[in-house]
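Descriptive structure summary
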Amino acid sequence: MHLISLLVGSVLSASASAVTVYVSDIQFVAIREGQDNSTRAVERGIKSGTPLEVLEQSNGYSKVRTPNGAEGWVADYYLSDDMVTRDQLEELQKRLTTAIQRRNNINNELKESQAEAQALLNTQTELQQENQALKAQLEDVHSIAEKAEIIVSQNDTVTYQIESLKQQANIAEQTSQQLQNSHQQKWFMIGAATLFGGLLLGTLLPLLRRKKAGTGNW
């Protein structure tokens, strides 16, 4: 029976290696050198919820290693495969706090995204308004350009007409000057002919008178 117990203990210890258990919902537990409460305590006051590494199991006891490195035996009814309710509550509280923080972060990111989207919409609206204004200005420019072309064309026509009138005026002035010069030359010739005729008569009349006087005496 003793040999069978040792074999069973060896099998159980081999299967229990690298397993983690927790001190159950009892305030404090002592880790002892043996499987009897009369043996010396290796470590006292292990708080409930403390994780212990299982090294061996035998006769309702587990040999464990504490977080401080101390090894000893503790009764299995002090141990639990799950975290104690208080620690579970604390863990759940931490998870809940983390989830709430994540939710708040997501809400903040969502608000920022919505604000950015609204800003983009406002910018798009402003750009559309500016585009409409630029189109209207462009149409005005085209209209002004067309009017300017018409005015320039009319100005070219008027300029041509003015130049033509100037040329005609110059020709008329030259013609008038020529006529005036011709009229003056005509009167000059008439005056010269009159003067020449008067001088000729003034010269011939005395001669004629002398000739008549000489004829009567003979």
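Residues numbered from 1 in each chain as written. Predicted model: local features only at pLDDT ≥ 70, side-chain atom pairs only at ≥ 80, totals over all residues. Heavy atoms only, no water.

Turning our eyes to something else, we now look at the overall build of the protein chain. Within the protein chain one finds two helices and seven strands. Beginning at the N terminus, the succession of helices and strands in the protein chain can be written as α-β-β-β-β-β-β-β-α. In the protein chain, which comprises 218 residues, the share counted as buried stands at 14%. Roughly 17,400 Å² of accessible area belongs to the protein chain as shown, and the carbon and sulfur atoms make up 58% of that amount. (Helix = DSSP H or I, 4+ residues; strand = E, 2+ residues; numbered from the N terminus. Buried < 20%, exposed > 50% of the residue type's maximum accessible area, 1.4 Å probe, protein only. Areas by Shrake-Rupley, 256 points an atom, 1.4 Å probe, with all protein chains shown as cover.)

Right, let's talk about the nonpolar core for a bit. Formed by V21, V29, I31, I46, L52, V54, V64, V74 and L79, the largest nonpolar core amounts to nine residues. Elements with a minimum of two residues in this core: β2 (28–32) and β4 (51–58). (Core = buried A, V, L, I, M, F, W, Y, C linked by side-chain atoms within 4.5 Å.)

Most of strand β6 (residues 71–75) sits out of view: four of its five residues are buried. With five bridges joining them, strand β5 (residues 61–65) and β6 adopt antiparallel strand pairing. By the bridge assignment for β6, Y61 is matched with A75. Hairpin connection of β5 to β6: five residues between the antiparallel strands, including G69 at a positive phi of 95°. (Pairing = 2+ DSSP bridges.)

Within this structure, the stated rule accounts for three salt bridges. Of the charged contacts in the structure, one is a salt bridge between E71 and R65, with a shortest N-O distance of 2.8 Å. (Salt bridge = Lys/Arg side-chain N within 4 Å of Asp/Glu carboxyl O.)

Here the focus is the side chain of R32. Residue position: R32 is located in strand β2. Within the local environment of R32, its side chain forms a polar contact with the backbone oxygen of T39, the two atoms lying 2.7 Å apart. (Polar contact = N/O pair within 3.5 Å; in protein donor to acceptor, adjacent residues only side chain to side chain.)

Position of T66 among the secondary structure elements: in the loop between β5 and β6. Using a relative accessible area of 4% as the deciding quantity, one classes T66 as buried. A polar side-chain atom of T66 sits 3.0 Å from a polar atom in the side chain of E43. The contact partners of T66, leaving out residues within four places of it in the chain, are I31, E43, I46 and L52. (Contact = heavy atoms within 4.5 Å.)

Position of T20 among the secondary structure elements: in strand β1 (residues 19–23). Put simply, T20 and D81 are 61 residues apart on the chain and 7.4 Å apart in space, counted from C-alpha to C-alpha. Discounting residues that sit within four places of it in the chain, T20 has contacts with P51 and L52.

Before going further, it helps to spend a moment on the environment of Q35. Position of Q35 relative to the elements: it lies in the loop between β2 and β3 (41–47). Put simply, Q35 and G60 are 25 residues apart on the chain and 8.8 Å apart in space, counted from C-alpha to C-alpha. If we skip the residues at most four places from it in the chain, Q35 touches S58, N59, Y61 and W73.

The next subject is unusual backbone geometry. The backbone phi angle of N59 is positive, close to 55°, even though this residue is not glycine. Here N59 shows up in the loop between β4 and β5. Overall, the relative accessible area of 63% leaves N59 in the exposed class.

Here five bridges tie β4 to β5, and the two strands are oriented antiparallel to one another. Across the sheet, residue E53 finds its bridge partner in β5, namely R65.

Of all residues in the protein chain, 76% attain a pLDDT of 70 or more, and the chain-wide mean is 77. The weakest mean pLDDT in the protein chain belongs to helix α1 (residues 2–15) at 45; the strongest belongs to β5 at 93. Low pLDDT (under 50) marks residues 1–8, which in the prediction has zero contacts with non-local residues, meaning those over four places away or in another chain. Predicted confidence for residues 11–16 stays below pLDDT 50, and this span has six contacts to residues more than four positions away or in other chains. (pLDDT = per-residue confidence, 0-100.)

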